[in-house]
Amino acid sequence: MVAFGKKLKERSIQEWQRYYINYKLMKKKVNQYGRQLEGGNLERRHVLKDFSRMLDNQIEKVALFMLEQQGLLASRLQFLRQSHDALQEEPQISQISNLKEDYRAVGQDLLKLLHFVEMNATGIRKILKKFDKRFGYRFTNYYVKTRANHPYSELQQVFRHVGLGAVVGAVSRNLHELQNNQGSYLSIYDQPALPLQDPVVDSIRAAVDRLTHSTNFLNFMAQHAFIMQEELPSPQDEEESVEQDGRYHFMSLLLNLVNTFLYMVNTYIIVPTADDYSMSLGAAATVCGVVIGAMAVAQLFSSVYFSAWSNKSYFKPLVFSSIVLFIGNLLYALAFDFNSIAVLLIGRLFCGLGSARAVNRRYISDCVPLKIRMQASAGFVSASALGMACGPALAGLLQTRFEIYQLTFNQDTLPGWVMAVAWLLYLVWLAISFREPAREPEEIHNASEESNNSGEAVQEVNLEKGIKEPLLITSEEIEEEEVEDEEESEEASEDSRKPANSIVAAYRLLTPSVKVQLLIYFMLKYAMEILLSESSVVTTYYFGWSTSSVAIFLACLGLTVLPVNIVIGSYISNMFEDRQILLVSEIMVCVGILLSFHVVVPYTVPQYVCSGLIMFVSAEVLEGVNLSLLSRVMSTRLSRGTYNGGLLSTEAGTIARVIADVTITVAGYFGRSMLLNATLLPSLVICVFSIVATCFTYNSLY
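In this report, the structure presented in the accompanying data block is examined. These numbers come from a predicted model, not from an experiment. (Residues numbered from 1 in each chain as written. Predicted model: local features only at pLDDT ≥ 70, side-chain atom pairs only at ≥ 80, totals over all residues. Heavy atoms only, no water.)

1. Some thoughts on the packing of helix H10 (residues 250-268) against helix H14 (residues 341-353)
Helix-helix packing is described using two parameters, namely the angle between the two axes and the distance between the axes.
Working step 1: Two elements in contact, H10 and H14, have axes separated by 11 Å at closest approach and are oriented at 155 degrees. Taken together, the axis directions place H10 and H14 in an arrangement best described as roughly antiparallel. Every pair of crossing elements has a handedness; the one defined by H10 and H14 is left-handed. Contact residues: H10 offers Tyr263, Asn266 and Thr267, while H14 offers Arg348, Cys351 and Gly352. (Axes fitted to C-alpha atoms, helices over the stretch in contact; angles between N-to-C directions. Helix = DSSP H or I, 4+ residues; strand = E, 2+ residues; numbered from the N terminus. Parallel < 35°, antiparallel > 145°, perpendicular 65-115°, else oblique. Left-handed = near helix turned anticlockwise from the far one by under 90°. Contact = heavy atoms within 4.5 Å.)

Quick look at the structure:
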């Protein structure tokens, strides 16, 4: 921070002074907000609104000046283009030399503008980070998401440096033609790898790369993946991301996504036939709840040890997962010939013990470079959604019966046999193609953590390499900033940044708003599990549906996941605040539950299908928005380590699924005629309670 402040003082551009963001004003505002909140004179909602408006005005000032300067550069390039065309008809060495100097002059002014953009982007990132640090929550994520997604975003001008690329290309291409390719029809576009030996172009390229590193943090996709980052990517993070390129291996990432897909298929492929399988083994149809839920019970434990195991290796946990899932599916398939419900349940428990979703998330978070991490996270979500749809659909296709060497293959056992073969093939592919990422020695890792824990100082020093134009601050302001930053650095002790070392320690880090978000996640997973797990029993009792009909219904529900999230992510989230979508989605889940009750009139297929669709789609919308909000309000100490935010949300959802499946089995003792209402009633109570809790914490969400 000291080095940053000194360079701000030494390298100012006086003629552009009034176009920089007013860092001093915003910093004083942050301190003022803090004092007013502590004194109870200001509401948190007002702070967020006022600071957002002020930052919008500052960014607008920078963006409009950028556009003005781009226009001036474009006019000069257009004029030089005319001279360039004239020289092609009558080339003269002296005029070519003068024209190159003119292009270099434009390049120097372009460098000036690039550095101006970089310093303003750095200042915006700094003040956002300071705001988050002062008030203890992630306003940055909200601000970037709402501004970057908007079609008229001025933030895009700064952080995506829209339009500057064309100017960079024009200067580079024309200098390339004048210097290296006189008389040639080839350009930089035809030979992109051909180096151009010109110091101005080299400086421009370095500035563009540095600017990209400084501003590439518009991560507003893949909310469902909930792959937490400790903070927004900084230039230091981007340099580490370049090092991650050596660790990144596309086939290994693909294998992680395939593991995610197969596990989701494995989870839902038995849902249409679980009740029939239970009855064929002499149990009640509602025992399907225990059969389906056994996998979730085991996942409660597997999530923890896989999360811990991923600290040391990725390959070994995936191998172990594949072997355990192969054994589990084999036992599930053999339970029919053994005529044993115990073997069936043990098989499902083994499948749950093979849940490596924590490893899949961790691989994306640790080994995928920042520039493609968003796509990888979206791939994780897509693989999960596709597996959820393919599982029931595949079960609907396995409607046959035959025997081989006294082994029975029918609609009940074929899901186990098919998945056992799938995991065996996956294990072979994994052994051949997966590459274990190189890991740093423990000393280097610890040193890296210490470096990350030292606050903004290290990041800002790295930011300043090669930067010539600063934000404008007087010497008094610099001294004030340095003193404040030193005080903040001393206050940020190592203990406050260490990850939680137990579930209890992680739970203590949860604020009331985070607890409400986890309650919502619990509620939606409970409601979805009730709908999906009892679908076969309910539809058979009321409508006489076959296994194929149930499979089609569940597959159609699964296929709504991606379209719904595209609509929400691309359109709805740009028109409404996340907390508004959250509350409306909760209410719609409640409406879906209410419509699902069998009260007086005869229960009909349209009522069940429509209410189920409303409940499922609303829960999917709610899940994405809820995880997005959760990632903002959760402590940064829960962004790393074994007991991280992803593990907490996974455990909350898994516990909900376990309780839901147990509820189905217990409700079965009242008879199948009472099953639907008996299972929907707890869902309704939990949903209403979560809505009330959301209303109480509504102002703390953003």
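2. Here's the deal with a nonpolar patch on the surface
Working step 1: A cluster of nonpolar side chains, Val584, Ile587, Met588, Val591 and Leu595, forms an exposed patch at the surface whose accessible area comes to about 380 Å².
Working step 2: Secondary-structure assignment places Ile587 in helix H26 (residues 578-596). (Patch = residues over 30% accessible without salt bridge, like charges linked within 9 Å, V, L, I, M, F, W, Y side chains within 5 Å. Areas by Shrake-Rupley, 256 points an atom, 1.4 Å probe, with all protein chains shown as cover. Salt bridge = Lys/Arg side-chain N within 4 Å of Asp/Glu carboxyl O.)

3. Some details on the packing of aromatic side chains
Working step 1: Counted by the stated rule, this structure contains 31 aromatic pairs.
Working step 2: Relative to Phe131, the ring of Phe51 lies with its centre 4.4 Å away and its plane at 15 degrees, an arrangement referred to as stacked. Placement of the pair is Phe51 in helix H3 (residues 44-89) and Phe131 in helix H4 (residues 93-135), with a sequence separation of 80 residues.
Working step 3: You can call Phe131 buried: its relative accessible area is 0%.
Working step 4: On the numbers, 6.3 Å between centres and 50 degrees between planes, the contact of Tyr277 with Phe336 is tilted. Of this pair, Tyr277 sits in helix H11 (residues 274-280) while Phe336 sits in helix H13 (residues 315-338), and the two are 59 residues apart along the sequence.
Working step 5: Tyr277 sits in the buried class, given a relative accessible area of 0%. (Phe/Tyr/Trp six-rings, centres within 6.5 Å; stacked < 30°, edge-to-face > 60°. Buried < 20%, exposed > 50% of the residue type's maximum accessible area, 1.4 Å probe, protein only.)

4. Structural notes on the state of the cysteines
Working step 1: Applying the stated rule across the entire model yields 0 disulfides.
Working step 2: Summary of cysteine pairing: Cys687 is not part of a disulfide, and the nearest cysteine sulfur, belonging to Cys590, is at 4.4 Å. (Disulfide = S-S within 2.5 Å.)

5. Side note on helix H24 (residues 547-559)
Working step 1: In this model, H24 (13 residues) spans 18 Å end to end at C-alpha, consistent with the 18 Å of a helix rising 1.5 Å per residue.
Working step 2: Looking only at H24, the buried set comprises Thr547, Val550, Ala551, Phe553, Leu554, Ala555, Leu557 and Gly558. (Expected span 1.5 Å × (residues − 1).)

6. Points about the environment of Ala551
Working step 1: Note on placement: Ala551 falls in helix H24.
Working step 2: Distance from Ala551 to Val271, taken between C-alpha atoms, is 8.2 Å for residues 280 residues apart in sequence.
Working step 3: Apart from the residues lying within four places of it in its own chain, the contact partners of Ala551 are Pro272, Pro392, Ala393 and Gly396.

7. Some thoughts on the side chain of Thr539
Working step 1: Relative to the helices and strands, Thr539 is located in helix H23 (residues 535-543).
Working step 2: Judged by relative accessible area, Thr539 falls into the buried class, the value being 1%.
Working step 3: When residues no more than four places from it in sequence are discounted, the contact partners of Thr539 are Gly544, Trp545, Val550 and Tyr608.

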